[in-house]
Structures are given as structure tokens and as C-alpha cells.
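Residue-level structural notes
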Amino acid sequence: MKSSHSTVLGLFALSAILISGCATTTDMSTLDSRLSGIERRYYDSEKLRDQFQFRMEDFRKSQIDQDQQLRSQSAELYAMIERLKDDIQKLNGKIEVKEHAYQQKMASASTIETSIESRADSLEQELISAKDRLLRIEEYLNLTAGKKQSGDSKPGPDNATIKPKPEQSADHFLSENELYAKAKAQFDNGELDASREEFQQYLKRFPKSPSADAAQFWVGEIYYRQKWYEKAILEYQKVIENYPKGNKIQAALLKQGFSFFNLGDKANGRLVLKELVTKYPNTNEAKIAKQKLDGP
């Protein structure tokens, strides 16, 4: 608009000079030079405006492409999470089948014990390992609570009632903080089975406690340390589902992913760690997950 105005003024000046009859060769040359400069600036401004419009169009296209890419990545992530939930449900079913099989083996334990002496040393070691596995399952399912204590006392009315353990009755009177501190101290001292029972008792008595998510996490951590990775995965999942606003989500995801890796299930392990990195990218757990994903 300004350039057009200058052009009109220049033409008006030229007309005035020609009419007056006083125009010289120098005046005409100067005027022609000014008009040429005005025209160049006008065309340059038009060229810059066209270039700006082209750049804006490219920018809009790039933004559309980025939005489509983000939507695609989000859809892929949701699909990965759904697959992971299905796999966890399948894993839960497999564990139930295994527990049922172990209970059947318990019924025939006496027959197995009678044939131990005739087995080879390698088979005997396998049997010992299986017994240890069965014992841990019994403790988890509280199947040993109803067994009668062995002894030489005669049967009678006094033996009909099983008295509770002193420590169990004492725990009932412990406060929320005292019970949690006791369970954590047992965990730190390596008394894993006792610590797990205390944390589970804590969750029953104080399910709405601010430390409930931490107690649930330590239950999973105990199974992880005992290398019972199937149970650890399920206990970590309870932290993720039952306490979504707690501060143990990142740690639960990290250890759940490691549990899958320890079971040889690298596909699900990588899915869990990728979810951790995506949702909580600035946490220490995410850094550890990245190192695991980038490793061999």
C-alpha cells in the first residue's frame, strides 16, 4: 500500500515537471531511478509475502502429520496395555492350575516319601526342591493353620481346641504404625515369610491407610526376592490397579517388568518397561528401565 502511494506521488511529480517545461536530463534520470527503486521494493515485498505463505502452508502440513503420528502412537500404546492385561489374566489361570496340581501331590506325599530311598541322587534333589515349593504354597494359602500339632499327649477335651499363637493375638493390639514397622523390620532382617504375613495382616486391618500401597508393594517384593516371579507379578499388579495415585506405581512397574524378564518372557517385560518410560519419563525408575531396554 505504501509503495503504490509512492509510485503515484512520483508520477504526479513527473507530470508537474513536464507541464512546467523545466525538466532537465538530470531531473529525468533521477526521477526514473527513483521509480525503478520503488518498483523493485514492491516486487520484493510481493515475493517475500509469497515465501511466507508457502512456509506457513508447510508448517500446517507438518503439524497435521505430527498430530496423526501422536494419535497412532497412543492407539498402539493402549493396544499394548490391553494385551498385557490379557497375558496377566492368562498367567493367573496358569498359577491356579499349578496350585491345584501341587495340592494333588500333597495327597500322595506319603507314597512319594516311601520311594525316596530307591531314587537316584539327582531325582532326590528334584523332590526336595518340589517339597520346598509346596511348603511355600501351603503357607500362602494358610493350609498349615488347620493341621494338628504332633505330640505324645493323649486325646481329650483339652486338646480339641487349637489355641492361637501368642504373636498373632498380640498383633491384633498393635497400632497401624507399629504393625507396619514390625513387618518392615522383619523384611530388613531377611525374615521374608513372617514379614509377608504381617504386611498382609496390615492390609486387612488398615486397607485405607496412606501406607497401604507400600505394604502391598513389599508383599510383591518378598515374592520377587524368593524368586517366585509369577506371584510377584500379580502382587505388583495390585499396586498398579488398587493404588493408582500412590507413589509406588513406578517401582511396581519396574519390578513387574524385571519379573517377566526373569521368567524368560522378554516380550511382556519390554511392554511393561516401555509403559513405565512413556508414563513416567523423568523418574529414576524410567532411567533404569531405559538401560534394561537398551541392553542385550
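Summary of the structure given here. (Residues numbered from 1 in each chain as written. Predicted model: local features only at pLDDT ≥ 70, side-chain atom pairs only at ≥ 80, totals over all residues. Heavy atoms only, no water.)

**Examining the overall build of the protein chain**
Scanning the protein chain for helices and strands turns up 12 helices and zero strands. Residue burial in the protein chain is summarised as follows: out of 296 residues, 30% are buried. Of all intrachain contacts in the protein chain linking residues separated by at least 6 positions in sequence, the fraction that spans at least 24 positions is 53%. Carbon and sulfur atoms make up 53% of the accessible area of the protein chain, which amounts to about 20,600 Å² in all. (Helix = DSSP H or I, 4+ residues; strand = E, 2+ residues; numbered from the N terminus. Buried < 20%, exposed > 50% of the residue type's maximum accessible area, 1.4 Å probe, protein only. Contact = heavy atoms within 4.5 Å. Areas by Shrake-Rupley, 256 points an atom, 1.4 Å probe, with all protein chains shown as cover.)

**Remarks on the pattern of salt bridges**
Enumeration according to the criterion identifies six salt bridges in this entry. Note that lysine 255 and glutamate 221 form a salt bridge whose closest N and O atoms lie 2.6 Å from each other. Pair noted here: lysine 255 is in helix H10 (residues 249–262) and glutamate 221 is in helix H8 (residues 212–225), with a separation of 34 residues, a long-range link. Look at lysine 255 and you get buried, because its relative accessible area is 13%. Across the salt bridge formed by glutamate 235 and lysine 238, the nearest N and O atoms sit 3.5 Å from each other. Residue glutamate 235 and its partner lysine 238 are both found in helix H9 (residues 229–242); the two are separated by three residues, about one turn of the helix. (Salt bridge = Lys/Arg side-chain N within 4 Å of Asp/Glu carboxyl O.)

**A closer look at the packing of aromatic side chains**
One pass over the structure, following the stated rule, counts eight aromatic pairs. A centroid spacing of 5.4 Å and a plane angle of 70 degrees characterise the contact between phenylalanine 217 and tryptophan 218, whose relative ring orientation is edge-to-face. With respect to class, phenylalanine 217 is no different from tryptophan 218; both count as buried. Between the aromatic rings of phenylalanine 217 and tyrosine 236, the centroid separation amounts to 5.7 Å while the plane-to-plane angle is 40 degrees, which identifies the pairing as tilted. Residue phenylalanine 217 is found in helix H8, and its partner tyrosine 236 is found in helix H9; the two are separated by 19 residues along the sequence. Assessed through its relative accessible area of 5%, phenylalanine 217 is described here as buried. Residue classification places tyrosine 236 among the buried positions, given a relative accessible area of 0%. An aromatic cluster is present here, built from Tyr180, Phe199, Tyr202 and Phe206 joined pairwise through their rings. The cationic tip of lysine 292 hangs over the ring face of phenylalanine 258; the distance from NZ or CZ to the ring centre is 5.8 Å. (Phe/Tyr/Trp six-rings, centres within 6.5 Å; stacked < 30°, edge-to-face > 60°. Lys NZ or Arg CZ within 6 Å of the ring centre and 35° of its normal.)

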